[in-house]
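# Survey of secondary and tertiary structure
Chain by chain, the residues run as shown.
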Amino acid sequence: MPGNYMPANREGWFITFFFVGIGLGVVLAGHLLSAWLNSPWPTYIGWAFFVLLTARFVLFAKRHS
């Protein structure tokens, strides 16, 4: 089905959770670094990286579906 990027097997779910876990880990690290440095920039960079990683995942899923 065009536009459906849901994984069809166990390996696909693992890859999905890997992408989400890495993205949220980067966001968490950005928040912790931001609190430690008293600067909002690591948080902004973490969220920007999360958006880029999500876009990359969609391209990956589209290519492998």
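Structure: see above.
## Considerations on the overall build of the protein chain
When helices and strands are counted, the protein chain shows two helices and zero strands. Across the 65 residues of the protein chain, 22% fall into the buried class. Looking at the protein chain alone, contacts between residues at least 24 apart form 47% of all its contacts between residues at least 6 apart. With an accessible surface of roughly 5200 Å², the protein chain has 74% of that area assigned to carbon and sulfur atoms.

## Looking at the packing of aromatic side chains
With the rule as written, the count across this model stands at five aromatic pairs. Taking 5.7 Å as the distance between ring centres and 40° as the angle between the ring planes, the aromatic pair formed by Phe19 and Phe60 counts as tilted. Here Phe19, found in helix H1 (residues 10-37), pairs with Phe60, found in helix H2 (residues 41-64); they are 41 residues apart in sequence, far enough to count as distant.

## Quick word on the environment of Ala29
Topologically, Ala29 is positioned in helix H1. Judged by its relative accessible area of 43%, Ala29 falls in the partly exposed class. It is 7.5 Å that separates the C-alpha atoms of Ala29 and Gly46, two residues lying 17 residues apart in sequence.

## Description of unusual backbone geometry
The phi torsion at Asn38 lies on the positive side, around 55°, for a residue other than glycine. As for its placement among the helices and strands, Asn38 is situated in the loop between H1 and H2. A residue is classified by how much of its surface remains accessible, and Asn38, at 71% relative accessible area, is exposed.

## Observations regarding H1
In an α-helix there are 3.6 residues to a turn, and that puts residues three or four apart on one side. With 28 residues, H1 should cover 40 Å at 1.5 Å per step; its first-to-last C-alpha distance of 40 Å lies within 8% of that length. Every buried residue belonging to H1 is among Gly12, Thr16, Phe19, Gly23, Val27, Gly30 and Ser34, and all of these are buried. Against the buried residues of H1 lie H2. Where H1 terminates, the next one or two residues include Asn38, which has phi positive at roughly 55°.

What counts and what doesn't
Residues numbered from 1 in each chain as written. Predicted model: local features only at pLDDT ≥ 70, side-chain atom pairs only at ≥ 80, totals over all residues. Heavy atoms only, no water. Helix = DSSP H or I, 4+ residues; strand = E, 2+ residues; numbered from the N terminus. Buried < 20%, exposed > 50% of the residue type's maximum accessible area, 1.4 Å probe, protein only. Contact = heavy atoms within 4.5 Å. Areas by Shrake-Rupley, 256 points an atom, 1.4 Å probe, with all protein chains shown as cover. Phe/Tyr/Trp six-rings, centres within 6.5 Å; stacked < 30°, edge-to-face > 60°. Expected span 1.5 Å × (residues − 1).

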